[in-house]
Amino acid sequence: MHIVVCVKQVPDSAEIKIDIETGTLIRAGVPSIINPYDHFALQKAIELKKAHKCKLTVISMGPPQAKSVVQLGLALGADDGILLSDRAFAGSDTWATSYIISKAIKKIGKIDIILCGMQAIDGDTAQVGPGIAQHLAMPQVTFCEDIKIDSKKIIVRKLIDDGYEIIEAKSPALFTMIMPKDFEPRYPAFLDIHNSLEKPYHQWSMCDIGAQEQYIGLKGSPTQVDRIYPPPKREKAEMISGGVSEAVEKIVDIFEKENFLKI
Amino acid sequence: MPSMDTISRELMLDSLRNYAKKNLFHEFLREKDANNEFPAEILKEMYDQSILGVHLLLIPKEYGGISGGTFDVYRVCEILARIDLGIATGVFATFLGTDPLSVGGTDEQKEKWMTRIAKENLLVAYAATEADAGSDLVNLRTRAEHVLKNGKLIGYKLTGNKQWISNGGVADVYSVLAMAPGGSSWFMVEKGTEGFSPNKHEDKHGIRLSNTAGLSFDNAYIPKENLIGGVEGQGLTQAQAVFGYTRVMVAAFGLGAGWEALEVAIKYSQQRIQGGGPLSDKQGYTHKLIVPNAVNLEAARAYIEEISERLDGGEKGLQTEGAIAKYAATESGNKTAEDAIQALGGYGYTKDFSVEKIKRDAKITCIYEGTNEVMEMTIFRGRWQEHLKTRGRYYIDMADSLQSLHLESPEVGADLAALAARALAVIMEECRAQRLTRHQHITFKLGKLISLAELAFIFAKRAAAVEYTETIKFDRNVWQAMSRVYAKNAALQIAAEGIALILGAAEKDIDLAEALNFNTIQALQKGLISDMDLIASKLKDTFKAK
Ligand SMILES: Cc1cc2nc3c(=O)[nH]c(=O)nc-3n(C[C@H](O)[C@H](O)[C@H](O)COP(=O)(O)OP(=O)(O)OC[C@H]3O[C@@H](n4cnc5c(N)ncnc54)[C@H](O)[C@@H]3O)c2cc1C
């Protein structure tokens, strides 16, 4: 079996700041990390690889420094790594991004399982995984918490609002992984990082994967971000205590005072 | 050995940081510190090849290591020091302990010991110091006597005592300096060797998580294969050969400890409201306790990076440079930690905040691996030779190159760094002419002034480069403001202290103000406060309190 896991480099959201005046993200000085959901997907993929002797490819799209998350995958146990990097990819929205990744996966050849994180913590769209499946005309299961291989079947545990579903799928299929609360990310030892430099690694451009220019980058992106801004800060809340009718009276008073109600 | 690519190095640092985040939080370290306890299990994990394997950094690839370069070692040491300087010392002792072997070992010895250290995750100790042999190893008393069999040398018997040896009570292998009939020599000694025993763990001011113990040797038999290099009398040369980069490691310790304390203070200052506003907005506070420390630490970083790159590029020795790096970074680290306590006021003085411990820990960096006074002496000796050899041109040439740098990049303070170098040249020449270096005080002070001038030089040079440092957290204009502030201070301090030194010792009356360009140095102080304002505000933005 051949598993492909998709990973993204994101700014560490714990450290992200927004420039209030310009409404843009301040990225200078903010460390980059692997998207935590992808980290979980990667670890699951490595477990599968170990248990079933699968081949594991880790793939990422991003600027040259995103090589870091690919190498992390290699150091943790993936067999080969691919970085999709090209100036022409810049500005791609989730649609264009999933098109680019799907073209790369087609180039890889026959694969059986694609794992993605549920969403990336910088955009929170949760669209790229499903987008890839769509471009590849492949079945997909989203929000998986666990994945197992049982002879030819793939069995996942998918979270739903009030519980979970166990779903069986046939390969090839794509799964997006949520991250359990108790997930403990693993980091590679020094020697593994060092040895990962000897594993196969490729950087592919638009031409390498045969992507068409009109479908990628800003031009190929149907979504355009208007602006980013932090939600306005709420004023201090006032807690109202007392019995129901007393409280209602107080609330109505406030409404009147603040001109919320025109009676 | 060249260093790794930035991405691989950053991945290692991330692994190290994440390990610390999970295992080495403040309460844990505080408890071990209070109990004077060596966290054996932590060191074992950090050496475990499948968890971290930090010790592999200094072991060549052919023996199962990863052949890290000096730049890698500097970065890892900086992060280790930010975590805990005691644990850092435990790792460092292994680095140090393998050095005599790397420098002087025969191929068979390297193969045997390095492979074992790598594969068996061995803790190593480096044992040079004795009761009467500290800064000066000439009075080494530990003896290594020949053991003969049928008239042929088969080994040595070691007798004597070592003192304050890091990992002394817990190491698996020791490199021990002893006086053999042919002169001082290094020996590899295994734990459990008959006649050898470690003494009790010392009760220390700081780095209490580092095991420090004396070693006793009483006719301990060491086979002759364990004489490093196989030839007696190479001990001091082997010890000297690596000072360039071992001192870079301790320099990185100073840098890491200093930044850790400073970051706590910067964050604290944004939350502490006194006098109607946060302390971070008060110049009397920031421009005394925060900004000068950030500037000094970053000047030291620039210097450490420069030297690391040169060592990685294959230059040998660099002992004077190693001494400058160690001296500047550890003096700044120690001062920063002290100021961080002050910055936190009463809170800083309690053990609830980490700065109190960092301050106790940081002090050791001024003492071990050559005390900072010995560094001043070493720096002076190294550069005095250059001054004589070049007939006084050494710092004039440096000033000239800074002057041309200033024409290309007028914003890095190279004009002031040039004045600093020029003033130093004048002072050294005056000392020569008046034979003032017979005063030890003057030579040590010159060591300090040399360090100031050289840091100003390197800081300006690196701040002018497009790619500054991978650790960058600030915009380029902040580095440049820092470089300007450093150079302003260096020029002023060199001129002022130089005057005090020379006039304090000289017999004739002289007026040095003109020769030192005192007026220009004075005029160029312009803009100092606004540069400091900029740095203060950027530090606040970069290290935002949560
Ligand atoms: C926690 C700790 C860990 C250590 N780990 C190790 C280790 O792993 N291996 C090891 O071999 N050693 C180790 N040491 C020893 C350390 O390297 C020595 O303490 C250091 O070299 C200084 O020697 P000393 O303590 O004898 O001080 P001294 O040399 O006696 O110095 C005392 C003071 O005199 C000054 N001084 C010394 N010589 C001169 C001079 N010629 N002119 C003017 N002033 C001078 C010094 O700067 C200092 O201020 C450790 C020490 C400590 C405290």
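Residues numbered from 1 in each chain as written. Chains lettered and ligands numbered in written order. Predicted model: local features only at pLDDT ≥ 70, side-chain atom pairs only at ≥ 80, totals over all residues. Heavy atoms only, no water.

J.: When you look at the overall build of chain A in this model, what are you seeing that I'm missing?
T.: Across its full length, chain A carries seven helices and 13 strands. The principal-axis extent of the C-alpha atoms belonging to chain A is close to 70 × 40 × 40 Å. Across the 263 residues of chain A, 45% fall into the buried class. By sequence separation, contacts in chain A at least 24 residues apart represent 69% of the contacts at least 6 residues apart. As presented, chain A carries roughly 14,800 Å² of accessible surface, and 53% of it is formed by carbon and sulfur atoms. Measuring between centres, the 31 positive side-chain charges of chain A sit 7 Å from its 34 negative side-chain charges. (Helix = DSSP H or I, 4+ residues; strand = E, 2+ residues; numbered from the N terminus. Buried < 20%, exposed > 50% of the residue type's maximum accessible area, 1.4 Å probe, protein only. Contact = heavy atoms within 4.5 Å. Areas by Shrake-Rupley, 256 points an atom, 1.4 Å probe, with all protein chains shown as cover. Lys, Arg positive; Asp, Glu negative; His and termini not counted. Charge placed at Lys NZ, Arg CZ, Asp CG, Glu CD.)

J.: Is there a simple way to think about the domain arrangement of chain A in this case?
T.: A common way to express how large an interface is: the accessible area buried when the components associate. Examined at the domain level, chain A breaks down into domain 1 (2-215) and domain 2 (233-263). Taking only C-alpha atoms into account, the centre of domain 1 of chain A sits 48 Å from that of domain 2 of chain A. (Domains from an automatic or database assignment.)

J.: I would appreciate a short explanation of the site of the ligand in the present structure.
T.: Residues and elements named next belong to chain B. Neighbouring the ligand are 20 residues; Tyr126, Thr129, Ser135, Thr371 and Glu373 lie closest to it. Measuring from a nitrogen atom of the ligand, one finds a backbone N or O atom of tryptophan 164 at 3.0 Å. Those elements that place two or more of their residues in the shell around the ligand are strand E1 (124-127), strand E3 (152-166) and helix H16 (440-464). Of the residues that constitute the shell around the ligand, the class distribution is ten nonpolar, seven polar and three charged. (Near = heavy atom within 4 Å. Polar contact = N/O pair within 3.5 Å; in protein donor to acceptor, adjacent residues only side chain to side chain. Nonpolar A, V, L, I, M, F, W, Y, C, P; charged D, E, K, R; others polar.)

J.: Could you clarify how one ought to interpret the packing of aromatic side chains in this entry?
T.: One pair of aromatic rings is described through two measures. These are the centre distance and the angle between the planes. Throughout the structure, instances matching the rule amount to 21 aromatic pairs over all chains. Pairing tryptophan 259 of chain B with phenylalanine 474 of chain B gives two aromatic rings, centres 6.4 Å apart and planes at 40°, and the pair type is tilted. With a gap of 215 residues between them, tryptophan 259 of chain B in helix H8 (residues 243-271) and phenylalanine 474 of chain B in the loop between H16 and helix H17 (476-505) connect regions that are remote in the sequence. Its relative accessible area of 3% is what places tryptophan 259 of chain B among the buried residues. Ring geometry for tyrosine 268 of chain B versus tyrosine 347 of chain B: centroids 6.3 Å apart, planes at 55°, classification tilted. Linking tyrosine 268 of chain B in helix H8 with tyrosine 347 of chain B in helix H11 (residues 345-348), this pair joins segments that are 79 residues apart in sequence. Taking the relative accessible area as the measure of exposure, tyrosine 268 of chain B reaches 12% and is therefore buried. Through successive ring pairs, a cluster of aromatic residues spans Trp259, Phe474, Trp479 and Phe543 of chain B. Lying across the ring of tyrosine 201 of chain A, lysine 67 of chain A places its NZ or CZ 5.0 Å from the centre. Across the ring face of tryptophan 204 of chain A, the terminal group of lysine 107 of chain A is positioned such that the distance to the ring centre comes to 4.8 Å. (Phe/Tyr/Trp six-rings, centres within 6.5 Å; stacked < 30°, edge-to-face > 60°. Lys NZ or Arg CZ within 6 Å of the ring centre and 35° of its normal.)

J.: What should I look at first to understand a negative patch on the surface in this one?
T.: Residues and elements named next belong to chain B. A cluster of like negative charges, contributed by Glu62, Asp107, Glu108 and Glu111, occupies part of the molecular surface. Within the secondary structure, glutamate 108 is located in helix H6 (residues 107-119). Take glutamate 108: its relative accessible area is 61%, and that puts it in the exposed class. (Patch = residues over 30% accessible without salt bridge, like charges linked within 9 Å, V, L, I, M, F, W, Y side chains within 5 Å. Salt bridge = Lys/Arg side-chain N within 4 Å of Asp/Glu carboxyl O.)

J.: Got a minute to help me understand the pairing of strand E6 (residues 55-61) of chain A in this structure?
T.: All names here are of chain A. For E6, a buried count of six out of seven residues is recorded, marking the element as mostly surrounded by other parts of the structure. With five bridges joining them, strand E1 (residues 2-6) and E6 adopt parallel strand pairing. Within E6, the residue paired with cysteine 6 across the bridge is isoleucine 59. The pairing of E6 with strand E7 (residues 80-84) spans five bridges and is parallel. Looking at E7, one finds that isoleucine 59 is bridged to isoleucine 82. The β-α-β motif built from E6, the intervening helix H2 (residues 67-76) and the parallel element E7 has right-handed crossover chirality. (Pairing = 2+ DSSP bridges. Right-handed = clockwise from strand over helix to strand, strands pointing away.)

J.: I keep staring at the pattern of salt bridges and nothing clicks. Help me out?
T.: When their charged atoms lie close together, side chains carrying opposite charge are able to pair. All names here are of chain B. All chains considered together, the criterion is met by 57 salt bridges over all chains. A salt bridge links glutamate 315 to arginine 310; the shortest N-O distance between them is 2.9 Å. Since its relative accessible area comes to 28%, arginine 310 is described here as partly exposed. When salt bridges with common partners are traced through the structure, they connect Asp33, Asp203, Arg208, Lys351, Glu356 and Arg360 into a single cluster.

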